[in-house]
Amino acid sequence: MTYAELIQAINTGRREPGGCTPPVVDAVMAEGEETRLTVNAILGWEIRHGRKAGAGDEAAVMELRATLVANMEAAQAKG
């Protein structure tokens, strides 16, 4: 699922910035781990900025996602 498709899927219902609604859960359950990480980044970005992420926010969201993944990998390396 691309970023644009994911944004569209999670916004099919009414949702506040950072809100985890049934469409968000459905997208994560249908698409798996990679989508879960992207959704976590989207929701975190939204909470920080006080608005829902859109198509123009993809680069910033994906940068946040990369940081999230790097932090997870560093934590795993520490054991």
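The following refers to the structure shown. (Residues numbered from 1 in each chain as written. Predicted model: local features only at pLDDT ≥ 70, side-chain atom pairs only at ≥ 80, totals over all residues. Heavy atoms only, no water.)

The next subject is the nonpolar core. Ile-10, Ile-42, Ala-53 and Val-61 are the most contacted members of the largest nonpolar core, which has 15 residues in total. For Ile-42, the contacting residues outside a window of four places in its chain are Tyr-3, Leu-6, Ile-7, Ile-10, Ala-53 and Val-61. (Core = buried A, V, L, I, M, F, W, Y, C linked by side-chain atoms within 4.5 Å. Buried < 20%, exposed > 50% of the residue type's maximum accessible area, 1.4 Å probe, protein only. Contact = heavy atoms within 4.5 Å.)

Here we come to the packing of helix α1 (residues 3-10) against helix α3 (residues 33-49). Running from N to C, α1 and α3 cross one another at 70°; their axes reach a closest spacing of 11 Å. The angle between α1 and α3 falls in the class roughly perpendicular. For the pair α1 and α3, the sense of crossing is right-handed. In contact with Tyr-3, Leu-6, Ile-7 and Ile-10 of α1, α3 contributes Thr-35, Thr-38, Val-39 and Ile-42. Taken together, the residues that form the contact of α1 with α3 break down as 6 nonpolar, 2 polar and no charged. (Axes fitted to C-alpha atoms, helices over the stretch in contact; angles between N-to-C directions. Helix = DSSP H or I, 4+ residues; strand = E, 2+ residues; numbered from the N terminus. Parallel < 35°, antiparallel > 145°, perpendicular 65-115°, else oblique. Left-handed = near helix turned anticlockwise from the far one by under 90°. Nonpolar A, V, L, I, M, F, W, Y, C, P; charged D, E, K, R; others polar.)

Summed over the entire model, instances satisfying the criterion amount to 5 salt bridges. Between Arg-51 and Asp-57 there is a salt bridge, and its shortest N-O distance comes to 2.9 Å. By relative accessible area, which is 40% here, Arg-51 ends up partly exposed. (Salt bridge = Lys/Arg side-chain N within 4 Å of Asp/Glu carboxyl O.)

Below, the discussion takes up α3. For α3, spanning 17 residues, the distance from its first C-alpha to its last is 24 Å, which sits close to the expected 24 Å at 1.5 Å a residue. Of all the positions in α3, only Thr-35, Leu-37, Thr-38, Val-39, Ala-41, Ile-42, Leu-43, Trp-45 and Glu-46 are classed as buried. Looking at the buried residues of α3, the elements they touch are α1, α2 (22-31) and α4 (58-78). Two residues or fewer past α3, Gly-50 is found with a positive phi of approximately 70°. (Expected span 1.5 Å × (residues − 1).)

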